[in-house]
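Here are the chains, one letter per residue:
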Amino acid sequence: MNGLSVSELCCLFCCPPCPSRIAAKLAFLPPEPTYAIVPEPEPAGSASTTSLRGGAAGRWKLHLTDRADFQYAQRELDTIEVFLTKSGRGNRVGCMYIRCVPGARFTVLFSHGNAVDLGQMCSFYIGLGTRINCNIFSYDYSGYGVSTGKPSEKNLYADIDAAWQALRTRYGISPENIILYGQSIGTVPTVDLASRYECAAVVLHSPLTSGMRVAFPDTKKTYCFDAFPNIEKVSRITSPVLIIHGTEDEVIDFSHGLALYERCPKAVEPLWVEGAGHNDIELYSQYLERLRKFISQELANQRN
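The model shown is predicted, which means the values in this text are computed figures rather than measured ones.

Caption draft 1: Layout of the side chain of Asp 249. Within the secondary structure, Asp 249 is located in the loop between β9 (241-246) and α10 (254-263). At a separation of 3.2 Å, a polar atom in the side chain of Asp 249 contacts the side chain of His 245. Of the polar contacts made by the side chain of Asp 249, one reaches the side chain of His 278; its length is 2.8 Å.

Here it is, written out as structure tokens:
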């Protein structure tokens, strides 16, 4: 699209789309759930274990369907804990904690991209956490996987808040040991949370500046009815921010990553992956190399 025509501008200002409509059009494509969370019977006399696992919620077991395409054996499944928590908007939020590395210094709170759920992502999480020496905590947005409710911008923010609180209270992990990682639409809740809470670091993978700027690439300002206004929030992030973007991204143009980098006062050296699109950055060797350097060297040096 080459910009806003006169008729499009008139339409926007006479009948501006509400953020939920922009969000629905641009962002949310929840797949058929690829997993279930089933209660696991507690052994007799294990009340204390139940309490540690989250009170009446007890222990839960991950059941993956064929659509999850999971490639690991029981040994890997044993590293995964799943449970449900509740958001401030009343939705149940499915959560997954993967102990990839015993005694890991950092835990990554990962907000995944569109059209996937935890069942499809857990294989990737195990591989990623093992390679960057971090544990991984993730969650499904409202309307994705086992999470209830409908996908919306407001629910995105409530969902990550619930995940953040669960990670902190259930596992006792302090903010200085949490890395917020958002991919694609997952950069929206990540930026929002990072603008309100300090953490160890933030990774923005194929981020968008705002909904309007994705739909209308020549948009230069943020309108009151815009959805996902990352560009207005990123300057409030006080933690180090690594931005990763493919130069040939066909879904969210590379210019979005550049614009956020320029607006982010705490940005570190970014990773622009030459030739990469929206869904294949992980296949390039620079991806893991840059993450490893950021986490094992730059963050470590900053704290020393």
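After presenting the structure, the write-up continues.
Caption draft 2: Focus on the packing of helix α6 (residues 153-171) against helix α7 (residues 187-194). The N-to-C vectors of α6 and α7 enclose an angle of 65 degrees; their axes lie 9 Å apart at closest approach. In this structure, α6 crosses over α7, and the sense of that crossing is right-handed. Counting all contacts with α6, which are made through Leu 156, Tyr 157, Ile 160, Asp 161 and Trp 164, the residues of α7 involved are Val 188, Pro 189, Thr 190, Asp 192 and Leu 193.

Caption draft 3: The arrangement of the nonpolar core in detail. Of all hydrophobic cores here, the largest spans 42 residues; its most connected members are Ile 80, Met 96, Ile 179, Ile 244 and Leu 291. Among the elements that take part in this core, helix α5 (residues 118-132) stands out by supplying seven residues, more than any other. Residues contacting Ile 80, with those up to four places away along its chain left out, are Leu 62, Phe 70, Met 96, Tyr 97, Ile 98, Cys 122 and Ile 126. Residues Phe 28, Cys 95, Tyr 139 and Ile 243 belong to the second largest nonpolar core, which totals 41 residues.

Caption draft 4: Representation of the layout of surface pockets. As a volume, the largest pocket reaches approximately 510 Å³. Partitioned by chemical class, the residues of the lining of the largest pocket number twelve nonpolar, six polar and two charged.

Caption draft 5: Local environment of the pattern of salt bridges. Within this structure, the stated rule accounts for eight salt bridges. Between Arg 196 and Asp 192 there is a salt bridge whose closest N-O contact spans 2.9 Å. Taking relative accessible area as the criterion, Arg 196 reaches 40% and is therefore assigned partly exposed. Take Asp 192: its relative accessible area is 8%, and that puts it in the buried class. As a salt-bridge pair, Arg 263 and Glu 232 come within 3.7 Å of each other at their nearest N and O atoms.

Cut-offs used in this document
- Residues numbered from 1 in each chain as written.
- Predicted model: local features only at pLDDT ≥ 70, side-chain atom pairs only at ≥ 80, totals over all residues.
- Heavy atoms only, no water.
- Helix = DSSP H or I, 4+ residues; strand = E, 2+ residues; numbered from the N terminus.
- Polar contact = N/O pair within 3.5 Å; in protein donor to acceptor, adjacent residues only side chain to side chain.
- Axes fitted to C-alpha atoms, helices over the stretch in contact; angles between N-to-C directions.
- Left-handed = near helix turned anticlockwise from the far one by under 90°.
- Contact = heavy atoms within 4.5 Å.
- Core = buried A, V, L, I, M, F, W, Y, C linked by side-chain atoms within 4.5 Å.
- Buried < 20%, exposed > 50% of the residue type's maximum accessible area, 1.4 Å probe, protein only.
- 1 Å grid on protein atoms, 1.4 Å probe; cavity = no way out; pocket = protein on both sides within 12 Å on 5 of 7 lines; lining within 4 Å.
- Points joined across faces, edges and corners; volume = space filled by probe spheres on them.
- Nonpolar A, V, L, I, M, F, W, Y, C, P; charged D, E, K, R; others polar.
- Salt bridge = Lys/Arg side-chain N within 4 Å of Asp/Glu carboxyl O.

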